[in-house]
Protein chains: 2
Amino acid sequence: MIMNETIKTILSRRSVRAYQQEQIKEEELMTILEAGRFSPSGMNRQSWLFTVVQSKEMLKKINEACRNSLLKSGNPAMEERARRSDFSAFYNAPTLIIVSGDKNLMTAQYDCTLALGYMFLAAASLNIGSCWVHGITVMLNSEDGKELKKELGIPEEYQVYSSGAFGYKATEPTCPPKKQLDEIMKIIK
Amino acid sequence: MIMNETIKTILSRRSVRAYQQEQIKEEELMTILEAGRFSPSGMNRQSWLFTVVQSKEMLKKINEACRNSLLKSGNPAMEERARRSDFSAFYNAPTLIIVSGDKNLMTAQYDCTLALGYMFLAAASLNIGSCWVHGITVMLNSEDGKELKKELGIPEEYQVYSSGAFGYKATEPTCPPKKQLDEIMKIIK
């Protein structure tokens with residue numbers, strides 16, 4: 001295998017589920033957003049919106065909405081998690097980036113997924129942790145999340161496709177078990 | 001903005017639509033696949049299959065199937081493109097990577113999109129071009145593509161979510177027009 005800085009970033013990035021409370025620097029945030037801006041999109045439409053939430057009040061509001069959403073999920077494990085007093089849907093990360101896109105476009109989910117994925121790698125290259133937070137996406141697209149989505153300034157015709165937590169790592173995560181390449185690939189020569 | 005090798009790779013990668021016929025090296029292919037293997041997946045399930053096609057015969061077969069699919073699309077511009085004798089659904093790239101995932105999993109589309117996106121960046125870091133090819137995905141998931149999907153060894157319960165062309169660039173692509181960051185972001189502090 002060939003190694004360079006980009007490959008090293010890709011192979012060493014882990015999902016981070018414990019964050020420091022110190023906010024990431026403005027310059028770091030802008031660099032992460034630039035990575036999303038330069039990710040590819042179907043027909044180069046770039047029909048996306050990157051909503052960054054750093055306000056403590058808004059983070060709390062989002063967390064409570066996620067809690068309520070989980071409490072109604074019908075999944076006992078999820079409900080138990082949501083009842084905990086220290087529940088955080090996004091691991092207490094100080095920054096959330098919510099990526100929404102025009103729901104009328106066939107490529108919106110792909111575009112928004114790639115944008116957040118590229119932001120994850122940019123963050124990793126700056127030693128900033130990140131994690132996909134599907135619960136925020138689900139909550140904001142639900143009937144109950146409608147008001148909050150509006151409050152966040154996400155247009156009605158936009159759907160949330162990907163949401164991520166960002167911040168300095170509180171601990172260094174280990175690598176989860178990975179399948180070997182020959183289990184997941186097939187080459188037709 | 002902060003600059004490093006990873007950020008440079010992300011910002012400078014362009015979708016490549018003209019390829020050399022020389023095949024990429026085995027070591028380069030393996031490095032690209034490793035990047036996909038290390039991309040994050042929902043609950044770390046890694047329920048994906050990376051199907052690499054380099055056989056000229058199979059590439060031709062896939063191209064003809066894409067051509068037939070476009071000829072039936074009902075879209076006049078697409079049909080005209082498909083009628084051209086030099087039609088190539090994947091810009092004559094020598095390598096295709098088709099990413100499929102377990103269609104019963106809620107996160108499959110996200111997982112497969114991230115995997116291909118990370119492969120794009122690994123390729124870019126090796127100066128190898130790549131392009132998303134949605135037509136292959138659409139064709140292989142259609143009724144008409146069923147037999148070919150089987151021939152490619154993609155399990156029936158798997159759906160194709162992302163397909164990409166890879167190869168050495170024949171020309172250096174220019175940057176398409178990009179929206180400014182302030183048009184696509186909103187920060188709530």
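Thresholds, definitions, all that
Residues numbered from 1 in each chain as written. Chains lettered and ligands numbered in written order. Predicted model: local features only at pLDDT ≥ 70, side-chain atom pairs only at ≥ 80, totals over all residues. Heavy atoms only, no water. Salt bridge = Lys/Arg side-chain N within 4 Å of Asp/Glu carboxyl O. Helix = DSSP H or I, 4+ residues; strand = E, 2+ residues; numbered from the N terminus. Buried < 20%, exposed > 50% of the residue type's maximum accessible area, 1.4 Å probe, protein only. Lys, Arg positive; Asp, Glu negative; His and termini not counted. Polar contact = N/O pair within 3.5 Å; in protein donor to acceptor, adjacent residues only side chain to side chain. Contact = heavy atoms within 4.5 Å. Buried area = accessible area lost by both parts, 1.4 Å probe. Nonpolar A, V, L, I, M, F, W, Y, C, P; charged D, E, K, R; others polar.

## Quick notes on the pattern of salt bridges
All names here are of chain A.
Reasoning step 1: Considering all chains together, one arrives at 18 salt bridges over all chains under this definition.
Reasoning step 2: Among the salt bridges present, the one from Lys-61 reaches Glu-151, with a minimum N-O distance of 2.6 Å. Of this pair, Lys-61 sits in helix α3 (residues 56-71) while Glu-151 sits in helix α7 (residues 146-151); the two residues are 90 residues apart in sequence, bridging distant segments of the chain.
Reasoning step 3: On the basis of relative accessible area, Lys-61 is assigned to the partly exposed category, the value being 36%.
Reasoning step 4: Classification of Glu-151 as partly exposed rests on a relative accessible area of 42%.
Reasoning step 5: The partner of Arg-84 in a salt bridge is Asp-86, and the shortest N-O contact between them spans 3.2 Å.
Reasoning step 6: Residue classification places Asp-86 among the partly exposed residues on the basis of a relative accessible area of 48%.

## With respect to the side chain of Arg-14 of chain B
Reasoning step 1: For Arg-14 of chain B, the location among the structural elements is in the loop between α1 (5-12) and α2 (26-37).
Reasoning step 2: The charged side chain of Arg-14 of chain B is buried without a salt bridge, its nearest counter-charge being Glu-172 of chain B at 7.4 Å.
Reasoning step 3: Within the local environment of Arg-14 of chain B, its side chain forms a polar contact with the backbone oxygen of Leu-11 of chain B, the two atoms lying 3.0 Å apart.
Reasoning step 4: The residues contacting Arg-14 of chain B, other than those within four sequence positions of it, are Phe-38 of chain A together with Ser-130, Pro-173, Thr-174, Cys-175 and Pro-176 of chain B.

## Re the interface of chain B and chain A
Reasoning step 1: With 69 residues of chain B at the contact, the number on the chain A side is 69 residues.
Reasoning step 2: When the buried area of chain B at its contact with chain A is split by residue, Phe-38, Tyr-110 and Ile-188 of chain B rank highest and sum to 11% of it.
Reasoning step 3: Here chain B is connected to chain A by two salt bridges.
Reasoning step 4: Residue Lys-189 of chain A is joined to Glu-26 of chain B by a salt bridge in which the shortest nitrogen-to-oxygen separation is 2.7 Å.
Reasoning step 5: The interface formed by chain B and chain A includes 35 residue pairs in polar contact (both at pLDDT 80 or more).
Reasoning step 6: Among the secondary structure elements, those contributing two or more residues to the side of chain B that touches chain A are α1, α2, β1 (48-53), α5 (108-125), α6 (134-141), α8 (181-184) and β5 (185-188) of chain B.
Reasoning step 7: Grouping the amino acids of the side of chain B that touches chain A by side-chain chemistry returns 36 nonpolar, 20 polar and 13 charged.

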